[in-house]
Structure formats: C-alpha cells, structure tokens
Amino acid sequence: MEATLIGGRVAVANGSAHDFADWVEPHLPAMTRFAGRLVPSADRDDLVQDALVRAWRRWPTYDTDRGAPLPWLLAILADQGRRTRVRARPRALPLSDDGSLVDLTPADLDLERAISGLSARQRMAVDLYYFVDLDIAAVAAVMDCAPGTVKATLSQARARLRELVGDNDD
C-alpha cells in the first residue's frame, strides 16, 4: 500500500484520510460506548484511537460483502482491547453518549458488579447488545459466530446475571 502526504493528510492508493474519516464518523458514538464498556473512562478515547489506527491500516482489506462497517470496526476495537490487556484493569463506569458519567442507582451498581462477574464472551455479548444497541446479526458479526450462538450466550448471561443480583423469580 503506497502512502503519500497530501495537504497535511496521509492518502493511500485506495482512499484518503478524509474518505476514511467520513466513513468512520457515523460509527464513532457506538465505538466510544463500547470502549467505555471495555476500559475505564480515562482510557476510553485511547482505545478508540488505537482501534482507528488499526482500522485505517486495514481499511484496504475491508470487504463490503462480509457486512456493514460497524461490526468490522467494533471487532477491531474488541480485539485491540484484548491485545492491550485492558480487561485486566477495573471496569469502567457507564457513560452517556456525550461522555458524561451516568448517574447510577444502587441497583445499577449491583448490575455493573454482576456484569463484571460474567465470562469475557458473555460480557461482550451483553455490552454489544444492551449497551451499544446492536442487533443479534451485528453482534454475531463482531463476535465472529452464528446468531444462534449470540442468542444462547445472551440467554446464559441473563441467567447468570439473575443469579448474581439475586433476582430469581422461581
């Protein structure tokens, strides 16, 4: 891939930085929300930036036949989070779309604590489906699995969350 500097921006043979920025911009809120679920809020923007650098480098390999850009970008973000081992740090508190801290009730804090007790795969499915608001097909694309696997993972996660927060309606 050949890169040249044009007007202070790097341009690659298949597209410019401006094209990439325009392509990514609609997906930044979802990326930021998901990053906020993966890392403490102080590290959220760094994780998004690292994922965008990686996506920029891999952009020429993006194949529209494999799906929409958002699952592709979120998969890179999730992988970048794993690569930097940020999941070993304390979990982030939830943030609103504008980046401000969400006011949490004691029940919300219990739920956050319970979510942190899920397996990494269950946590990812819950974060993508409930907090990033992706549909089952998009979650499956990000997690590189079948939609049925996502449904089963979410069902198992909900059952585990009921155990962890003590809400058994038996």
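Shown above is the structure to which this text applies.
Given the structure is predicted, the values throughout are model-derived calculations rather than measurements.

What counts, and where the lines are drawn
Residues numbered from 1 in each chain as written. Predicted model: local features only at pLDDT ≥ 70, side-chain atom pairs only at ≥ 80, totals over all residues. Heavy atoms only, no water. Helix = DSSP H or I, 4+ residues; strand = E, 2+ residues; numbered from the N terminus. Buried < 20%, exposed > 50% of the residue type's maximum accessible area, 1.4 Å probe, protein only. Contact = heavy atoms within 4.5 Å. Areas by Shrake-Rupley, 256 points an atom, 1.4 Å probe, with all protein chains shown as cover. Phe/Tyr/Trp six-rings, centres within 6.5 Å; stacked < 30°, edge-to-face > 60°. Lys NZ or Arg CZ within 6 Å of the ring centre and 35° of its normal. Core = buried A, V, L, I, M, F, W, Y, C linked by side-chain atoms within 4.5 Å. Expected span 1.5 Å × (residues − 1). Axes fitted to C-alpha atoms, helices over the stretch in contact; angles between N-to-C directions. Parallel < 35°, antiparallel > 145°, perpendicular 65-115°, else oblique. Left-handed = near helix turned anticlockwise from the far one by under 90°.

**Here we look at the overall build of the protein chain**
So, point 1. Helix and strand counts for the protein chain come out as eight helices and three strands.
So, point 2. In the protein chain, the succession of α and β elements from N to C terminus is β-β-β-α-α-α-α-α-α-α-α.
So, point 3. For the protein chain, with 170 residues in total, the buried portion stands at 38%.
So, point 4. Contacts in the protein chain between residues at least 24 apart in sequence constitute 61% of all its contacts with a sequence separation of at least 6.
So, point 5. Within the structure as shown, the protein chain displays about 9700 Å² of accessible surface, and the carbon and sulfur contribution to it stands at 50%.

**Side note on the packing of aromatic side chains**
So, point 1. Taken as a whole and assessed by the stated rule, the structure comprises nine aromatic pairs.
So, point 2. With a centroid separation of 5.1 Å and an interplanar angle of 65 degrees, the aromatic rings of Tyr62 and Trp72 are classed as edge-to-face. Remark: Trp72 occurs in helix α4 (residues 69-83) and Tyr62 occurs in the loop between α3 (41-58) and α4; sequence separation between them is ten residues.
So, point 3. What links up through ring pairs into an aromatic cluster is the set Phe20, Trp23, Trp56, Trp59, Tyr62 and Trp72.
So, point 4. Sitting over the face of the ring of Phe131, Arg37 holds its NZ or CZ atom 3.7 Å from the ring centroid.

**Observations regarding the nonpolar core**
So, point 1. Of all hydrophobic cores here, the largest spans 43 residues; its most connected members are Phe34, Leu74, Leu77, Leu128 and Leu134.
So, point 2. Listed by contribution, the elements that provide at least two residues to this core are α1 (17-24), α2 (28-38), α3, α4, α5 (106-116), α6 (120-131), α7 (136-143) and α8 (147-165).
So, point 3. Ranked by residue count, the leading element in this core is α4, at seven residues.
So, point 4. Apart from the residues within four sequence positions on either side, Leu134 is in contact with Leu70, Leu74, Leu128, Tyr129, Val139 and Val142.

**Details of α3**
So, point 1. With 18 residues, α3 ought to run about 26 Å at 1.5 Å a step, and its terminal C-alpha atoms sit 26 Å apart, in line with that.
So, point 2. For α3, the set of buried residues is Arg44, Leu47, Val48, Ala51, Leu52, Arg54, Ala55 and Trp56.

**Regarding the packing of α4 against α7**
Angle between the axes and distance between the axes are the two parameters that describe a pair of packed helices.
So, point 1. It is the contact of α4 with α7, at a shortest axis distance of 8 Å, that shows an interaxial angle of 40 degrees. Comparing the axis directions of α4 and α7 gives the class oblique. Between α4 and α7 the crossing geometry is right-handed. Seen from α4, the contacting residues are Pro71, Leu74 and Ala75; seen from α7, they are Ala138, Ala141 and Val142.

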